[in-house]
Amino acid sequence: SIERVTVLGAANADSLQVSTSIVAGAITVTNPATCCFRYSCAQAFPPGSRTFRTTTASPIFASLRFGRPDYAFLSPQTASAIRSGAESGGEMGAFYQAGIPFRLQNTGRKIDEYLPAGLDAVPVLALPGARFAGVTRI
């Protein structure tokens, strides 16, 4: 059973219960009758599995290099079915708890209240920078 997770690569299981997750690889299930996907994204769902509000849209990740701050973070170019397709209207996958769609919406509303007439705000997503990997001098 997995919930609010991003799986990069293939997954093998006897039985699988997936909720609000992204599976970016092949899925092999021994008993597909016990397999259930809710509010999730996968390249292809095992035949015979139950699905509820799922998508086969391809996620676009900012980085797939482990150790980077944007590792497995969804790019803004990702389909809205993934970026706001979770049960609560949030983002599917590992960054569900960050509440990014809700933060963007709330920030946009607050900016619209105070922005002078005729101007439009443009959201720019900024991730934390990578840690300094060089040599520090004292």
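(A) Local environment of the state of the cysteines. Applying the stated criterion across every chain, the model contains zero disulfides. Cysteine Cys35 remains unbridged, with the sulfur of Cys36 as its closest cysteine sulfur at 7.5 Å.

(B) Examining the pattern of salt bridges more closely. Across all of its chains, the model carries four salt bridges by this definition. With a closest N to O distance of 3.1 Å, Arg38 and Glu87 form a salt bridge. A residue pair is termed long-range when its members are at least 10 positions apart, and Arg38 in strand β7 (residues 36–38) and Glu87 in the loop between α1 (80–83) and α2 (100–114) qualify at 49 residues. With relative accessibility at 49%, the residue Glu87 sits in the partly exposed group.

(C) Spatial organisation of unusual backbone geometry. Non-glycine residue Thr20 carries a positive phi angle of around 50 degrees. With respect to the helices and strands, Thr20 occurs in the loop between β4 (17–19) and β5 (22–24).

(D) Geometry of the nonpolar core. One finds Leu16, Val18, Val23, Ile27, Val29, Cys35, Phe37 and Ala42 forming the largest nonpolar core, which totals eight residues. Excluding residues that lie within four positions of it along the chain, Ala42 makes contacts with Val23, Ile27, Thr55 and Thr56. Core analysis: the next-biggest nonpolar cluster, separate from the first, contains six residues, Ile22, Cys41, Leu74 and Ile82 among them.

(E) The sheet that holds strand β1 (residues 2–3), seen in detail. Across the sheet, which stays open at both edges, the four strands sit in the order β1-β4-β7-β9 with parallel pairing between neighbours. At either end of the open sheet lies a strand with only one pairing partner, and these are β1 and β9 (50–52). Sheet topology places β4 next to β7; three bridges connect them, and they run parallel. Bridged to Ser19 within β7 is Arg38.

(F) Here's a closer look at the environment of Leu74. Checked against the element boundaries, Leu74 lands in the loop between β9 and α1. When its relative accessible area of 1% is taken as the criterion, Leu74 is described as buried. Taking C-alpha positions, Leu74 is 5.9 Å from Ala62, a pair spaced 12 residues apart along the chain. Ignoring any residue separated from it by four or fewer positions in sequence, one finds Leu74 in contact with Ile22, Pro59, Ile60, Phe61, Ile82, Arg83, Glu91 and Met92.

Conventions used here
Residues numbered from 1 in each chain as written. Predicted model: local features only at pLDDT ≥ 70, side-chain atom pairs only at ≥ 80, totals over all residues. Heavy atoms only, no water. Disulfide = S-S within 2.5 Å. Salt bridge = Lys/Arg side-chain N within 4 Å of Asp/Glu carboxyl O. Helix = DSSP H or I, 4+ residues; strand = E, 2+ residues; numbered from the N terminus. Buried < 20%, exposed > 50% of the residue type's maximum accessible area, 1.4 Å probe, protein only. Core = buried A, V, L, I, M, F, W, Y, C linked by side-chain atoms within 4.5 Å. Contact = heavy atoms within 4.5 Å. Pairing = 2+ DSSP bridges.

In short, shape yes, function no, at least from these values alone.
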